Amino acid sequence: MVETVDLPRLRIAQVAPPYERVPPPAYGGTERIVDELSRELARRGHEVTLFASGDSEAAGELVPTVPRSLRNNGPETDATAGFLRTLELVLEHEQDFDMVHSHVEFWSLALARAARKPVVVTFHGRLDAPYAADALRDQPAALVALSRGHAAQCPGFPWNVVYNGLSLDRMPFGAEPGEDLCFVGRIAPEKGVLDAIEIARISGRRLRIAAKEPFLEREKEYYTEVFAPARGRAEVEEVGELGAAERDALMAGSYATLMPSDWPEPFGLTAIESLACGTPVIARPVGALPELIRHGRDGFLEADAATMAASLPGVAALDRAAIRRDVIEGFSASRMTDGYEEIYRTVLAGHETTRIPPTRVARVQAR
C-alpha cells in the first residue's frame, strides 16, 4: 500500500513546450492536456502557474518563456534556445512553488536534476528513442507515461501511468452513423494515411481527411511524392486543419474514424474524441490503442487495411450511445487530474520513485 498525505492547496508550476501555444489554436496534443489539467487543478483550488509561450492563455498566472509560440517562426526554427530558456525560467522561480510538473519531454530530466523542489515528469512522445534508458536512469523525478503500452517502450523504470483526459462531455453526439469515413491527424507514413485510402477504396466509402498543411520539408516531400499520387485511388476529400468545433462535427458525422497507425501511439487523443462523439474507431492494435478501444464494442482492432475494411459492416451494429457514455466516464479531465493528484501526494510524502499501480493512478477501468 502506498503511503499518502492529505493534499493541501498547492502552488504548482506547469511547464509546457514553447513550440505551440496553450491551448493550441487547432490541434496540439501535449498543449491541450496541459491546458485541461491546469484548468481542472485551478478549479480544485490549487494555485497554477503556466510556463509557456507568450501567446498562451493560462488558468492562473502565465510566465512567458518565449514571446510567441515558436511554430510561428517557420519550420526551420531551432527550438533549442526556447527550451533552454524555459528551464532557466522555471529554476529562477522554483522557490515560489511546492512542486513542478514538466511536459517538455527529455528536457524535463535536466530540469529534475537541477531543481530543488519535487518534479513530476510526464512524457507525451515516444520512449523508445536511442539512449532513452540511459537518460532515465537514477532520475529524482516521478516519471509518468500515458498508457501501459507507452511505459512498455522503456521498461524497467518506476513508471506511473495516467491516461490523458479531456472535457469530452462537450463533444457533439452522432446518434446515427453517417456514410463517410474520416481520418484526423498528420499526413505522415507512421500515421497510416495510405492505409486509410486503401480502406476507403475497398469499402467504396468516401474518406474525409482533416490534417495540417505540410510543415517540415520531409512532410512536404511525402505529401507531393507519396500521398498525392495515392489520393486518386479512392474518393478522398481533404478538409484541411480544422478548428475544434469543425473537427468534432466531422467525427460525429462520420461512419467510423480510421486510425491505421503503424507506430506505437503513446496515447491517441483522436480515439477518445471520436468515441465521445459516439463514432467507432477502426485501428491497428498498436501502442496504447488496445487500452482505449474495446474490440467489438468501441470499434475494431485489425492488423492491416484489408481486415480493417472487412470489419466496417460490423460498425453499424455498435451501440454509439454506450460508446460515448463509457469514454466520457473513463477518460475525463477530472479522472486524469485525480491521477495526477495521487502522484503529487506520493511526491510530497517522499516516495518520488515508488511505483503506483497504473489503474490506481489513473482511476480508469481497464478497457
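Every value quoted in this text rests on a predicted model; they were computed, and no experiment measured them.

The rules behind the values
Residues numbered from 1 in each chain as written. Predicted model: local features only at pLDDT ≥ 70, side-chain atom pairs only at ≥ 80, totals over all residues. Heavy atoms only, no water. pLDDT = per-residue confidence, 0-100. Contact = heavy atoms within 4.5 Å. Helix = DSSP H or I, 4+ residues; strand = E, 2+ residues; numbered from the N terminus. Expected span 1.5 Å × (residues − 1). Buried < 20%, exposed > 50% of the residue type's maximum accessible area, 1.4 Å probe, protein only. Arc of directions from axis to C-beta. Pairing = 2+ DSSP bridges. Right-handed = clockwise from strand over helix to strand, strands pointing away. Phe/Tyr/Trp six-rings, centres within 6.5 Å; stacked < 30°, edge-to-face > 60°. Axes fitted to C-alpha atoms, helices over the stretch in contact; angles between N-to-C directions. Salt bridge = Lys/Arg side-chain N within 4 Å of Asp/Glu carboxyl O.

Draft legend 1. Structural detail: the confidence of the model for the protein. Put simply, the protein has an average pLDDT of 91, and 93% of its residues get 70 or more. Counted against residues more than four places away or in other chains, residues 1-5, with its pLDDT under 50, gives 11 contacts. This model gives residues 351-366 a pLDDT under 50, and the stretch forms 47 contacts once residues within four places in sequence are excluded.

Draft legend 2. Seen up close, helix α2 (residues 80-93). Between its terminal C-alpha atoms α2 stretches 20 Å, which fits the 20 Å expected from 14 residues at 1.5 Å a residue. Among all positions in α2, only Gly82, Phe83, Thr86, Leu87, Leu89 and Val90 are buried. In an axial view of α2, the angular spread of the buried residues amounts to 165 degrees, which keeps them on one side of the axis.

Draft legend 3. Quick look at the pairing of strand β9 (residues 207-210). When strand β8 (residues 181-184) meets β9, the two strands line up parallel, connected through four bridges. Residue Leu181 lies in a different strand from β9, and its bridge partner there is Leu207. Between the parallel pair β8 and β9, the chain is carried across by helix α6 (residues 193-203), and the sense of this crossover is right-handed. The pairing of β9 with strand β10 (residues 236-238) spans three bridges and is classified as parallel. Residue pairing across strands places Leu207 opposite Val236, the latter belonging to β10. Handedness of the β9-helix α7 (residues 217-231)-β10 crossover: right-handed.

Draft legend 4. Structural context of the environment of Ala114. Among the secondary structure elements, Ala114 is positioned in helix α3 (residues 107-114). Spatially, the C-alpha atom of Ala114 lies 9.4 Å from that of Leu87, the residues being 27 residues apart in sequence. Once you skip the residues sitting within four places of it in the chain, Ala114 turns out to touch Leu91 and Glu94.

Draft legend 5. The side chain of Glu40, seen in detail. Along the chain, Glu40 turns up in helix α1 (residues 29-43). We classify Glu40 as buried; its relative accessible area is 11%.

Draft legend 6. Local environment of the packing of aromatic side chains. In total, this model carries eight aromatic pairs according to the counting rule given. With centroids separated by 5.9 Å and ring planes inclined at 75 degrees, the aromatic side chains of Phe51 and Phe97 adopt a geometry described as edge-to-face. Of this pair, Phe51 sits in strand β2 (residues 47-52) while Phe97 sits in the loop between α2 and β4 (99-102); the two residues are 46 residues apart in sequence, bridging distant segments of the chain. Judged by relative accessible area, which is 4%, Phe97 ranks as buried. Here the aromatic residues Phe106, Phe123 and Trp159 are joined through ring pairs into a cluster of three or more.

Draft legend 7. Up close: unusual backbone geometry. Cis geometry marks the peptide bond from Val22 to Pro23; its omega dihedral reads -15 degrees. Considering the arrangement of structural elements, one finds Pro23 in the loop between β1 (11-15) and α1. Phi angles above zero are rare outside glycine, and Tyr131 is one such case at about 70 degrees. Note on placement: Tyr131 falls in the loop between β5 (119-122) and α4 (132-136). Residue Tyr131 is classed as exposed on the basis of its relative accessible area, which comes to 69%.

Draft legend 8. Region of interest: the sheet that holds β10. The strand order β10-β9-β8-β11-β12-β13 describes an open sheet built from six strands, whose pairing is parallel. Bordering the open sheet on either side are β10 and β13 (299-301), each of which pairs with just one other strand. Along the sheet, successive strands turn relative to each other by an average axial angle of 20 degrees, direction set aside. Where strand β11 (residues 256-259) lies against strand β12 (residues 281-283), three bridges are found, and the strand directions are parallel. Residue pairing in the sheet places Leu258 in a bridge with Ile282 of β12. Packing of helix α8 (residues 244-252) onto the sheet brings it into contact with β8, β9 and β11, and relative to β8 it is tilted by some 145 degrees.

Draft legend 9. Quick look at the sheet that holds β1. A sheet is described by the order of its strands in space; here seven strands give the open sequence β3-β2-β1-β4-β5-β6-β7, paired in parallel fashion. At either margin of the open sheet sits one strand with a lone partner, and together these are β3 (61-64) and β7 (160-161). On top of the sheet, α1 reaches β1, β2 and β4; it is set at about 170 degrees to β1, its chief contact. Taken strand by strand, helix α13 (residues 333-348) contacts β1, β4, β5, β6 (142-145) and β7, and its axis lies near 135 degrees from that of β4.

Draft legend 10. Just the pattern of salt bridges, in detail. Under the criterion given, the structure shown has 31 salt bridges. For Glu47, the salt bridge identified is with Arg9, shortest N-O distance 3.7 Å. Placement of Glu47 in strand β2 and of Arg9 in the segment before β1 is noted, with a sequence separation of 38 residues between them. The class of Glu47 is partly exposed, set by a relative accessible area of 35%. Here the salt bridges share partners, and the residues they tie into one network are Glu40, Arg43, Arg44, Asp338 and Glu341.

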